[in-house]
Amino acid sequence: MKSATRLTRFGLACLISAASPAVFPAFAQNEKVVTKPSFGPAGLSYADMVDLADKAPLVAHVRIRNIIALKPVQAGIVPSGHKRLFVEADVAGLIRGDAGISPIVTYLYDAPIDARGKIPKLKKAQVILFARPGNRPSEIQLIAPDAQIPATPAEVDRVKAVLSALVAPGAPPRIIGLGDAFHVAGTIAGEGETQIFLRTENGDPVSLSILRRPGQAPHWAVALGEIMDEAARPPEPGSLLWYRMACSLPGSLPARSVRTLSVQDAEAARADYAVVIAALGSCGRTRPPA
């Protein structure tokens, strides 16, 4: 069998799946497949998509040409309800990858099985892979067990949009925590302003400003820079800046952020921070981050 011959020649090339670090020997068995439309996570949220795209140095649109199911003794530790496959695919397009990609790639994928123990029909399926380069030019490794999604036109466009936002000039940096908070009470009751600095992975300044006026709803904004100007606004839901904040900020202001404030000012800063968290809403993840 041509596929088995290729598999033996590569010896699985020491492919390492995202689910297990085991090295696999150069043997496999054929597996009867059944028609099943679900062969990857459906309905990924914006946060799910950014989680995958942000961690993947290689994103490719491929068409699966061959699959070979690994024998249990070869597959290593496989999640319950899944079967580990050796996949060979033709690259239809490289969406992200500075070093390029081979026209044919091979990788391991843990496919879900049905009640009869059968795997979905994957041959000829078009999928998007979030991966990293493997040990050889044609090998790649998925960054997570579910880092293979259907390549519908809509999903391809979503992935491209997310990647464009990630590499755009002035893209918001990854947020790793909260810095110091400051609060200044106004001259009349119910008036005040809180500023909270965020800690970022690359050290770029990001800060929050929450302004209260008597008889008005609190107004808040986020600034990417040293100065909070009049044009600063809350992030647009479903934007990269919103994702960075909604998926990274803690639910409450930690004690270290208000350690220099008076008790009254600290309470005000915590209340203002709660306004921001409520406005951001749920991050919307449906899967563990990659």
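Everything below is about the structure printed above this text.
This section reports on the structure supplied with the text.

### Some details on the packing of aromatic side chains
Part 1 of the argument: Under the criterion given, the structure shown has two aromatic pairs.
Part 2 of the argument: Ring centres 6.5 Å apart and planes at 80 degrees place the aromatic pair Tyr46 and Tyr243 in the edge-to-face group. You can see Tyr46 sitting in helix H2 (residues 46-55) and its partner Tyr243 sitting in helix H5 (residues 240-246), a full 197 residues away along the chain.
Part 3 of the argument: Taking the centre distance of 6.1 Å and the plane angle of 80 degrees together, the rings of Phe182 and Phe197 count as edge-to-face. With Phe182 in strand E7 (residues 175-185) and Phe197 in strand E8 (residues 192-200), this residue pair connects regions lying 15 residues apart in the sequence.
Part 4 of the argument: Phe182 sits in the partly exposed class, given a relative accessible area of 38%.
Part 5 of the argument: For Phe197, a relative accessible area of 34% puts it in the partly exposed group.

### Focus on the environment of Glu139
Part 1 of the argument: Counting through the fold element by element, Glu139 comes out in the loop between strand E4 (126-133) and strand E5 (140-142).
Part 2 of the argument: On the basis of relative accessible area, Glu139 is assigned to the buried category, the value being 1%.
Part 3 of the argument: C-alpha of Glu139 to C-alpha of Tyr107: the two residues are 32 residues apart in sequence and 6.0 Å apart in space.

### Focus on the pairing of strand E10 (residues 219-224)
Part 1 of the argument: Here strand E9 (residues 206-212) pairs with E10 via six bridges, running antiparallel. The partner of Ser209 across the bridge, within E10, is Ala221.

### Quick word on unusual backbone geometry
Part 1 of the argument: Of note, the phi angle at Lys124 is positive, near 75 degrees, even though the residue is not glycine.
Part 2 of the argument: Locating Lys124 in the fold gives a position in the loop between strand E3 (104-112) and E4.
Part 3 of the argument: When its relative accessible area of 56% is taken as the criterion, Lys124 is described as exposed.

Thresholds, definitions, all that
- Residues numbered from 1 in each chain as written.
- Predicted model: local features only at pLDDT ≥ 70, side-chain atom pairs only at ≥ 80, totals over all residues.
- Heavy atoms only, no water.
- Phe/Tyr/Trp six-rings, centres within 6.5 Å; stacked < 30°, edge-to-face > 60°.
- Helix = DSSP H or I, 4+ residues; strand = E, 2+ residues; numbered from the N terminus.
- Buried < 20%, exposed > 50% of the residue type's maximum accessible area, 1.4 Å probe, protein only.
- Pairing = 2+ DSSP bridges.

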